[in-house]
Amino acid sequence: MLTKAPRGTYDILPGDSSKWHYIESIMKETAEVYGYREIRVPIFEHTELFQRGVGETTDIVSKEMYTFNDKSGRSLTLRPEGTASCARALIEHSSYAGLLPVKWYYIGPMFRYDRPQTGRYRQFHQFGAEAFGSNNPYLDGEVIMLLLEVLARLGLEEYELHLNSVGCPQCRGQYRQRLIDFIRPYQDNLCPDCQARYINNPLRVLDCKNETCHQAIEGYPTLAANLCENCLNHYDQVKGALAQQGITFIHDDKLVRGLDYYTNTAFEIHIPGIGAQSAVGGGGRYNGLVEQCGGPDLPGIGFALGIERLLLAVEQRGEKLPSPPEMDVFIAVMDSAYEAQGMKILQMLRGAGIKAEKDYNNRKARAQMKFADKIGARLVILLGEEEVEKGFITLRNMRTKEQFQVAESDMLRAVSRTLLID
Ligand SMILES: [Zn+2]
Ligand SMILES: [Zn+2]
């Protein structure tokens, strides 16, 4: 047990971390081009924040949270998502009192006690963006465009954008009642979960995973057909903003978010060919969230992307992700008496931004050459008796096997030139 990471967690080894750097740098660059700035929030928060900000009736809060009491008996929870923490930070720092909209992005680990499967872990990573303080439908468009641009920059041009509007508390309230009335005569045909929830949360029946529930309610009244005028206009403008950019989407009436503080736009991104878990992310408007978390009545919209699933999608496309950087120079010291001199040269190279390494395990000269080859060194600097006495170095090009001597004072220039040409 001691030698195995907990179920649902995994190590990102140095051989893979360069892929993560690459993906994360694309996310950061794109978000910043769109005017979003990075926020780093704590890994854990007061449990109540998620109960209010994610919703107690959701699977996340009711089944999947890592909740514990700290030594003073406070209930804390490892964050299962990022939006609630952003809303909390917005309120705590009164960021809503400054320039609006407030546009933030985050990248980091999230925690959910869920059954691990391909692309799904208990500690997983998300990239997300949130924009607080505007109800402008073009902002909804921008948030979706930011998400799609991240995908495009990762070479993921094939996707399905599912889009819906869940209305506002007024029109959705009326719609809920209509839906309950519609479902009631068929309630016996629903799965046990839906039978239990259709009165309190009829919208959840729409996105139930059981096909039988969908068949049972065929011909149900749709949300889109029951939006109030404001919500309908908002939805039309979001669709117009996307269409103007040539972005295709699928109106998905079953895409609902069951909680009151979710309003208007809801969306989800699927990437075909990465298995059953094809949704890589999604988001939407949450105009009631900030107030729900104890702040002012402030609109907001955001999304989150699962980085593990994105990586899966990028790799399945055969996209070549960067591999770990090679070593530029290895200093082979022929005798331990010259180690100090070797160290001096090593630090000179590093100071000039050249990736350099030496032996620290008392390897013999020949073993040092093998080691240099294994770590992918492009050049080796040989330092032996003759070199130290006469003040020059021997430079060996590991690819061409050419070897030549340069004065120590010329070392940096010679190394840089050889690295450039080769
Ligand atoms: Zn409405
Ligand atoms: Zn069901």
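The structure under discussion appears in the preceding block.
Per-chain numbering applies: the sequence of each chain, read as written, is numbered from 1 onward. Numbering of ligands from 1 and lettering of chains from A proceed in the order in which they are written. Where totals are concerned, whole chains, interfaces and linings use all residues; where local detail is concerned, this predicted model gives features only for residues with pLDDT of at least 70, and gives and counts side-chain atom pairs only at 80 or more.

A.B. asks: So what about the overall build of the protein? Which residues, and what values?
C.D. replies: Helix numbers and strand numbers start at the N terminus; a helix is a DSSP run of H or I with at least 4 residues, a strand a run of E with at least 2. Of regular secondary structure, the protein possesses 16 helices and 16 strands. Our radius of gyration looks at C-alpha atoms and nothing else; its globule reference is 2.2 Å times the residue count to the power 0.38. The C-alpha radius of gyration computed for the protein amounts to 28 Å, which surpasses the reference 22 Å derived for 422 residues by more than 25%, pointing to a less compact arrangement than a globule. The dimensions of the protein, computed from C-alpha atoms along their principal axes, are 95 × 50 × 45 Å. Counting other C-beta atoms within 10 Å of each residue's C-beta, where C-beta atoms are placed from the backbone, gives the exposure class: buried for 20 or more, exposed for 12 or fewer, partly exposed between. For the protein, with 422 residues in total, the buried portion stands at 34%. Throughout, a residue-residue contact means that the two C-beta atoms, derived from backbone geometry, are no farther apart than 7 Å. A separation threshold of at least 6 residues defines the contact pool for the protein, and within that pool the share at least 24 residues apart is 70%.

A.B. asks: Provide a residue-level description of the environment of Val 54, including the pertinent values.
C.D. replies: Residue placement: Val 54 occurs in helix α2 (residues 47-55). Among residues more than four places away in sequence, those in contact with Val 54 are Ile 60, Val 61, Pro 80, Glu 81 and Ala 84.

A.B. asks: I'd love a proper account of helix α5 (residues 137-153), names of residues and values included.
C.D. replies: Along its 17 residues, α5 runs 24 Å from first to last C-alpha, staying within 8% of the 24 Å computed at 1.5 Å per residue. For α5, the set of buried residues is Pro 137, Leu 139, Asp 140, Gly 141, Glu 142, Val 143, Ile 144, Leu 146, Leu 147, Val 150 and Leu 151. Buried positions along α5 lie against α1 (14-33), β6 (123-132), α10 (229-244), β9 (263-270), β10 (279-285) and β11 (300-306). Downstream of α5 by one or two residues, Gly 155 has phi in the positive range, about 80 degrees. Helix span, expected: 1.5 Å multiplied by one less than the number of residues in the helix.

A.B. asks: How would you explain the pairing of strand β15 (residues 392-397) if you had to name every residue and give the values?
C.D. replies: Note: strand β14 (residues 379-383) against β15, four bridges, orientation antiparallel. Looking at the pairing, Leu 379 lines up with Asn 397 of β15. Here five bridges tie β15 to strand β16 (residues 403-407), and the two strands are oriented antiparallel to one another. Paired with Phe 392 across the bridge in β16 is Ala 407. By this definition, two strands are paired if DSSP reports at least two bridges between them. Between β15 and β16, which pair antiparallel in sequence order, lie five residues; one of them, Lys 401, sits at a positive phi of approximately 65 degrees.

A.B. asks: Can you tell me about the packing of α5 against α10, naming the residues and giving the values?
C.D. replies: Note on definitions: angles span 0 to 180 degrees between N-to-C directions of axes, and those axes are lines fitted to C-alpha atoms, for helices only across the stretch in contact. Closest axis-to-axis distance for the α5/α10 pair is 8 Å, and the angle between their directions is 45 degrees. By the angle class used here, α5 and α10 are oblique. α10 is crossed by α5, and the crossing has right-handed handedness. The segment α5 lies against α10, with Pro 137, Tyr 138, Asp 140, Gly 141 and Ile 144 engaging His 234, Gln 237, Val 238, Ala 241 and Leu 242. Ten residue types, Ala, Val, Leu, Ile, Met, Phe, Trp, Tyr, Cys and Pro, are classed as nonpolar, four, Asp, Glu, Lys and Arg, as charged, and the remainder, Gly among them, as polar. Considered class by class, the residues forming the contact of α5 with α10 number six nonpolar, three polar and one charged. Any angle that falls under 35 degrees is termed roughly parallel, while one over 145 is termed roughly antiparallel, one within 65 to 115 roughly perpendicular, and all others oblique. In this scheme, a crossing is called left-handed if the near helix is turned counterclockwise away from the far one by less than a right angle; it is called right-handed if the turn is clockwise.

A.B. asks: Let's hear about the environment of Tyr 261: which residues, and what values?
C.D. replies: With respect to the helices and strands, Tyr 261 occurs in the loop between β8 (250-251) and β9. Separated by 208 residues in sequence, Tyr 261 and Gly 53 have C-alpha atoms that sit 8.9 Å apart. The contacts of Tyr 261, once residues within four sequence positions are left out, are Tyr 286, Gly 288, Leu 289 and Gln 292.

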